[in-house]
Amino acid sequence: MCLGIPGRIVAAVEGHGGLLALADVRGVRDTINLGMLDGPPPGPGAWVLIHMGFAMEVIDEDRAARAMEGLELMGPGRDAGQGAR
């Protein structure tokens, strides 16, 4: 089992065989790879679990919310006002 961060697909990235997409994770957008998913690539609005820049699984909005709640229980991220040490 891997730690997945829920993200929402914003748009497909042109080229690359349809295997790259722009995803939003709590307001931060980055390119992710869809190549590990079975079936056709998910489109804008779809939720995915992201691990190391790869979408590992398509999930629904409820599961995305529960996953984010679980991550929030672990505390704020390093960039959440703590700065590098």
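Up top you'll find the structure we're talking about.
To keep things clear, this report deals only with the structure shown in the data block. Counting starts from 1 at the beginning of each chain's written sequence and moves along it residue by residue. Under the rules for a predicted model, residues below a pLDDT of 70 receive no local features and side-chain atom pairs below 80 are neither given nor counted, while totals for whole chains, interfaces and linings still include all residues. Only hydrogens and water are removed before side-chain values are computed, so all heavy atoms of the structure are retained for them.

### So, the nonpolar core
Link 1 in the chain: Each nonpolar core is a collection of buried residues, namely Ala, Val, Leu, Ile, Met, Phe, Trp, Tyr and Cys, held together in the definition by side-chain atoms within 4.5 Å. Residue exposure (1.4 Å probe, protein chains only): buried if accessible area is under 20% of the type maximum, exposed if over 50%, otherwise partly exposed. Counting 10 residues, the largest nonpolar core consists of I9, A21, A23, I32, L34, L37, A46, V48, I50 and A55.
Link 2 in the chain: Strands are runs of DSSP state E lasting at least 2 residues, helices are runs of H or I lasting at least 4, and numbering of each runs from the N terminus. Those elements that provide at least two residues to this core are β2 (20–25) and β4 (47–51).
Link 3 in the chain: Here, two residues are considered to be in contact whenever any of their heavy atoms come within 4.5 Å of each other. Every residue in contact with I32, bar those within four places of it in the chain, is listed here: I9, L19, L20, A21, A23, V48, I50, G53 and A55.

### Things to note about the environment of P6
Link 1 in the chain: By secondary structure assignment, the location of P6 is in strand β1 (residues 5–12).
Link 2 in the chain: If we ignore the near neighbours within four places in the chain, the residues touching P6 are V25, W47, V48, L49, I59, A64, A67, M68 and L71.

### Brief notes about the pairing of strand β5 (residues 54–59)
Link 1 in the chain: Paired strands, as defined in this entry, are two strands with at least two bridges between them according to DSSP. One ladder, built from five bridges, connects β4 with β5; its direction is antiparallel. Counterpart to H51 in the pairing with β5 is F54.
Link 2 in the chain: As consecutive antiparallel partners, β4 and β5 are separated by two residues, and within that stretch M52 has a phi angle of approximately 55°, a positive value.

### Regarding the pattern of salt bridges
Link 1 in the chain: Any carboxyl oxygen of Asp or Glu that lies within 4 Å of a side-chain nitrogen of Lys or Arg is treated as forming a salt bridge with it. Counting across every chain of the model gives four salt bridges.
Link 2 in the chain: As a salt-bridge pair, E57 and R63 come within 2.6 Å of each other at their nearest N and O atoms.
Link 3 in the chain: A salt bridge links D62 to R66; the shortest N-O distance between them is 3.2 Å. Of the two residues, D62 and R66 both sit in helix α1 (residues 61–73), four residues apart, roughly one turn of that helix.
Link 4 in the chain: Taking relative accessible area as the criterion, R66 reaches 48% and is therefore assigned partly exposed.

### Details of the pairing of β2
Link 1 in the chain: Taken together, the four bridges between β1 and β2 define a ladder with antiparallel strand orientation. Paired with R8 across the bridge in β2 is D24.
Link 2 in the chain: As paired strands, β2 and strand β3 (residues 28–33) are joined by six bridges and run antiparallel to one another. Pairing of L22 across the sheet is with T31, part of β3.
Link 3 in the chain: Between β2 and β3, which follow one another and run antiparallel, lie two residues, and R26 among them has a positive phi close to 50°.

Shape is all these values report; function is a separate question.
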